[in-house]
Amino acid sequence: MKKLLVATAIAAAFGSAHAQQTVKIGMPLTLSGQFADAASQMLNGAKTYMKMHGDTVAGKKIELITKDVGGPAPDVAKRLSQELVVRDNVDILAGYVLTPNAMAAGDVSAEAKKFMVVMNAATSVVITKSPYMIRTSVTLPQVMETFGTWAATKGKIKQSYTMVTDYGPGHDSENAFTSAFKAAGGNIAGSVRFPVANPDFSAFVQRAKDIGPESIFIFIPGGAQPAALGKAMAERGIDKQKTKVLGSGETTAEAALKSMGDTALDIITAWHYDYMSANPLNQKFVKEYNAVSGGRNPDFFSIGGYDGMHAIYETLKKTKGNTDAEAMIGAAKGLKWESPRGPMMIDPETRDVVQNVYIRRVQKVKGELVNVVFDTIPMVKDPAGERRKQGAAKK
Amino acid sequence: MLWSAVGVLFDGFAYGMLLFLLSVGLSVTLGMMNFVNLAHCTFAAVGGYCTVTVVNRLGWPFLAALPLAFVAGAAASVLLERLLFRRLYRATDLDQCLVTIGVAFMSIAAFAWFYSTEPQSARPPEYLLGSFELMGRNFGVYRIFLAVTGLVITGLLVYSLEQTRFGARIRAAVDNQRMARGLGIDVDRAFLYTFGLGGGLAGLGGALSIEVIGLESTLPLSVILVYVLIVVAVGGLGSIRGSLVAAIVLGITDTAGKYYFPWLGAFLIYLVMVALLMWRPLGLFGKR
């Protein structure tokens, strides 16, 4: 009897090892710490996709394996990605909320030849770290340069004062917005950078008010800070008819709008996704998402996770379940689909995301504050990626 | 120019009052009871989440939620003191640090579990929002409310510790435990009340801070804890006056630094801390 048990166990072990009927996706995420909320939103986005489209594709079962990176820790992200490849035998690496983590894991993808899907990490250069990498979120220059050009041309704004958080994405946004805004004829009245951990914004806002620019451009990470900044602006009495307030999507995200109340009205933002978007695909997604997340609404992390899973599913369909990195990246290049955010594509050359950038204004619709889209710039490529391409062509 | 300085002083003062409420409890427990409680901001988060719950889910008015936040913070701290911390009064500083920081981590996970990691808000009534303009400068109504609340609490605290029998017992228990015990004062109980009072004030501070800094599950180990520790260190352990002065000085320095020298960022308050501690290593009002 005992022998039989042992034999069964061995057989089972072999059976599961040789039955290559599952595709394992390893996701190192910041499940704890300051960026825990972003990671749980992203994971829920991925899970929602699997709930809506089943967990089997091209005859293979999809399995998610998550690991906690804990925060911006490139060494940990790299180690966990390696462990996922070596120990858990994952076929695909995915997730990555933060740029430094995605950069470090890019090496693992390149060396171990694993297909990698970046579902957030928005710094342009991330995509160059591995030839097997695609991105399904957004890049900062994609939105911010577009916004800078829009503000100076269609937005008819001639002057701006920039306020960004003093960290990588903040600097990138400041540079992207400033350079595009200036190139289109605008001028910058001044700039300020907030410390990353900054509880009280009143002094910064007061300074901006005293300078009195025609517009203020804001980039600030999601979380509690957009609301705190919004409240400081309301308290200081920034009149949005006189001083236009421009920002990225985080500035007027759901939680920020809730705690700002009516003081958020008329803030203009450029972004690629909003859960209030009226397209039917999005409404279906939001409904399913609410069921997965326990009532929470999706945000741009969620849509990155959702579309990341879509890209994986479609790629696997094209390769008929083959998870070889060369085959997968070949199939993923040029992939086009309708996402809840609108049309999108994986650029066949840069492997980066191509999508619409929406210009929105906060308005009251049926008593609720909503980011209402009033202008769309269609199918924007990452401008920084395009410049890299031209630079490489020159050489 | 001068008038902008008045605005900065006012903003800094209000912010300092908030820091004072958050930190005075820690100063008292650290100074009087020699207990290093790095989980102090957990009580603030308890107060904050309690306010969010009763205001958003039960529809209480914001002002009515404030006393409840005090009670919740006090209850949480008393519970922890009875169950855990009192066993550690004689432990080494390192042991105390490790246990309390563990408690802080666990509380973060607990808040995330029950309230999700989403930032929370609880809107005060309209008459506390907005600002009024005086000679071209805006004075936030909520900040005036903060400053007044802080001053009232300070008055109550000083009065109850220096003029009442309860205060006399606490001071006796702290100054000379053996003598106090000999006189029949229940020292354990005095410490419990002190701890509860400190936790309650932090809970109130946590509730009041939602409107200024927001509320996230990571509050117990956020930058606020750093500010609180700076206030305690600069003010001098165990001194209420010290905490008050230090909180106001730091609040004003921080605000002025961000207004006049934004490129220095938040660095200025660390410079001020170092300078003050070099001048008075025991803190402004520290005795030991």
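Residues numbered from 1 in each chain as written. Chains lettered and ligands numbered in written order. Predicted model: local features only at pLDDT ≥ 70, side-chain atom pairs only at ≥ 80, totals over all residues.

1. Thoughts on the overall build of chain B
Here's step 1: Each helix and strand counted, chain B has 11 helices and 2 strands in total.
Here's step 2: When the helices and strands of chain B are placed in sequence order, the string is α-α-α-α-β-β-α-α-α-α-α-α-α.
Here's step 3: For chain B, whose C-alpha radius of gyration is 19 Å, the value lies close to the compact-globule estimate of 19 Å for 288 residues.
Here's step 4: On the principal axes, the C-alpha backbone points of chain B span a range of 60 × 50 × 35 Å. (Helix = DSSP H or I, 4+ residues; strand = E, 2+ residues; numbered from the N terminus. Rg over C-alpha atoms; globule rule 2.2 N^0.38 Å.)

2. Digging into the overall build of chain A
Here's step 1: What chain A contains, in helices and strands, is 13 helices and 15 strands.
Here's step 2: The C-alpha radius of gyration of chain A comes to 22 Å, within 12% of the 21 Å expected for a compact globule of 395 residues.
Here's step 3: A principal-axis box enclosing the C-alpha atoms of chain A has dimensions of 85 × 50 × 40 Å.
Here's step 4: A total of 395 residues make up chain A; the buried ones form 56% of that total.
Here's step 5: Long-range contacts, defined as pairs at least 24 residues apart, comprise 70% of the intrachain contacts of chain A with a sequence gap of at least 6. (Buried ≥ 20, exposed ≤ 12 C-beta atoms within 10 Å, placed from the backbone. Contact = placed C-beta atoms within 7 Å.)

3. Topic: the domain arrangement of chain A
All names here are of chain A.
Here's step 1: Taken as a whole, chain A is organised into domain 1 (20-138 + 279-351) and domain 2 (141-271 + 357-394).
Here's step 2: Using only C-alpha atoms to locate each centre, domain 1 and domain 2 end up separated by 27 Å.
Here's step 3: At the interface, 15 residues of domain 1 touch 17 residues of domain 2.
Here's step 4: Its residues assigned to classes, the side of domain 1 that touches domain 2 comprises 6 nonpolar, 5 polar and 4 charged. (Domains from an automatic or database assignment. Nonpolar A, V, L, I, M, F, W, Y, C, P; charged D, E, K, R; others polar.)

4. Some remarks on the interface of chain B and chain A
Here's step 1: In this assembly, 33 residues from chain B lie in contact with 31 residues from chain A.
Here's step 2: Elements with a contribution of two residues or more to the side of chain B that touches chain A: helix 1 (2-33), strand 1 (131-134), strand 2 (137-140), helix 8 (187-213), helix 9 (223-235) and helix 10 (240-260) of chain B.
Here's step 3: Looking at which element gives the most residues to the side of chain B that touches chain A, the answer is helix 1 of chain B, with 5 residues.
Here's step 4: Its residues assigned to classes, the side of chain B that touches chain A shows 13 nonpolar, 13 polar and 7 charged.

5. Examining the nonpolar core
Here's step 1: By size, the foremost hydrophobic cluster in this structure holds 200 residues, and its most contacted members are Val97 of chain A together with Leu18, Leu19, Val228, Val231 and Leu250 of chain B.
Here's step 2: With 15 residues, the single largest contributor to this core is helix 1 of chain B.
Here's step 3: Other than its neighbours up to four places away in sequence, Val231 of chain B contacts Leu19, Ser23, Ser243, Ala246, Ala247 and Leu250 of chain B. (Core = buried A, V, L, I, M, F, W, Y, C linked by C-beta atoms within 7 Å.)

6. Re the confidence of the model for chain A
Here's step 1: Predicted confidence across chain A gives a mean pLDDT of 89, with 95% of residues reaching 70 or more.
Here's step 2: Ignoring residues within four places in sequence, the model shows residues 14-19 of chain A, a span with pLDDT below 50, making 0 contacts including any to other chains. (pLDDT = per-residue confidence, 0-100.)

7. Observations regarding the pairing of strand 5 (residues 115-118) of chain A
Sheet faces and side chains relate simply in a regular strand, where the side chains alternate between the two faces.
Residues and elements named next belong to chain A.
Here's step 1: On strand 5, burial covers both faces: Phe115 and Val117 on one face and Met116 and Val118 on the other are all buried.
Here's step 2: Examined bridge by bridge, strand 4 (residues 92-95) and strand 5 share 4 bridges and lie parallel to one another. By the bridge assignment, Gly95 is partnered in strand 5 with Val118.
Here's step 3: Considered for its hand, the β-α-β crossover made up of strand 4, helix 4 (residues 99-112) and strand 5 is right-handed.
Here's step 4: Note that strand 5 and strand 6 (residues 133-135) share 3 bridges and pair parallel. Bridging across to strand 6, Val117 finds its partner in Ile134. (Pairing = 2+ DSSP bridges. Right-handed = clockwise from strand over helix to strand, strands pointing away.)

8. Topic: the sheet that holds strand 3 (residues 60-68) of chain A
Residue and element names in this part refer to chain A.
Here's step 1: The 6 strands lie next to each other as 2-3-1-4-5-6, forming an open sheet whose pairing is mixed. In the strand order of this sheet, the two ends are held by strand 2 (56-57) and strand 6, each with one partner.
Here's step 2: Each of strand 1 (22-29), strand 3 and strand 4 is contacted by helix 3 (residues 74-86), which is oriented at about 165° to strand 1, the strand it contacts most. (Axes fitted to C-alpha atoms, helices over the stretch in contact; angles between N-to-C directions.)

9. What about the environment of Gly140 of chain B?
Residues and elements named next belong to chain B.
Here's step 1: Note on placement: Gly140 falls in strand 2.
Here's step 2: Overall, the presence of 25 C-beta atoms within 10 Å leaves Gly140 in the buried class.
Here's step 3: Spatially, the C-alpha atoms of Gly140 and Phe10 are 9.6 Å apart, while their sequence positions differ by 130 residues.

10. Considering the environment of Ile269 of chain B
Here's step 1: Mapped onto the elements of the fold, Ile269 of chain B is located in helix 11 (residues 268-279).
Here's step 2: The sequence separation of Ile269 of chain B and Asp254 of chain B amounts to 15 residues, and the corresponding C-alpha distance is 5.7 Å.

11. A short note on unusual backbone geometry
Residues and elements named next belong to chain A.
Here's step 1: Of note in the backbone geometry, Tyr96 takes a positive phi value of approximately 70° without being a glycine.
Here's step 2: Position of Tyr96 relative to the elements: it lies in the loop between strand 4 and helix 4.
Here's step 3: Look at Asp266: it is not a glycine, yet its phi comes out positive at around 75°.
Here's step 4: Along the polypeptide, Asp266 turns up in the loop between helix 9 (254-260) and strand 11 (268-271).

12. Considering the environment of Ala110 of chain B
Here's step 1: Residue position: Ala110 of chain B is located in helix 4 (residues 93-115).
Here's step 2: When the C-alpha atoms of Ala110 of chain B and Ser217 of chain B are compared, they prove to be 8.4 Å apart, with 107 residues separating the residues in sequence.

13. Some remarks on the confidence of the model for chain B
Here's step 1: On average, residues of chain B score 88 in pLDDT, and 98% of them are at 70 or above.
Here's step 2: What the predictor reports for the complex is a pTM of 0.81 with an ipTM of 0.79.

14. Points about helix 10 (residues 280-293) of chain A
Residue and element names in this part refer to chain A.
Here's step 1: Relative to the 20 Å expected for 14 residues at 1.5 Å per residue, helix 10 spans 20 Å between its end C-alpha atoms, a close match to the ideal helical length.
Here's step 2: Among the residues making up helix 10, those that are buried are Asn282, Phe285, Tyr289 and Val292. Across the axial projection of helix 10, the buried residues extend over an arc of 80°, all falling on one side. Residues of helix 10 that are exposed and point over 90 degrees away from its buried face: Pro280, Lys284, Lys287 and Ala291.
Here's step 3: Note on helix 10: the residue one or two positions beyond its end, Gly294, has a positive phi of about 75°. (Expected span 1.5 Å × (residues − 1). Arc of directions from axis to C-beta.)

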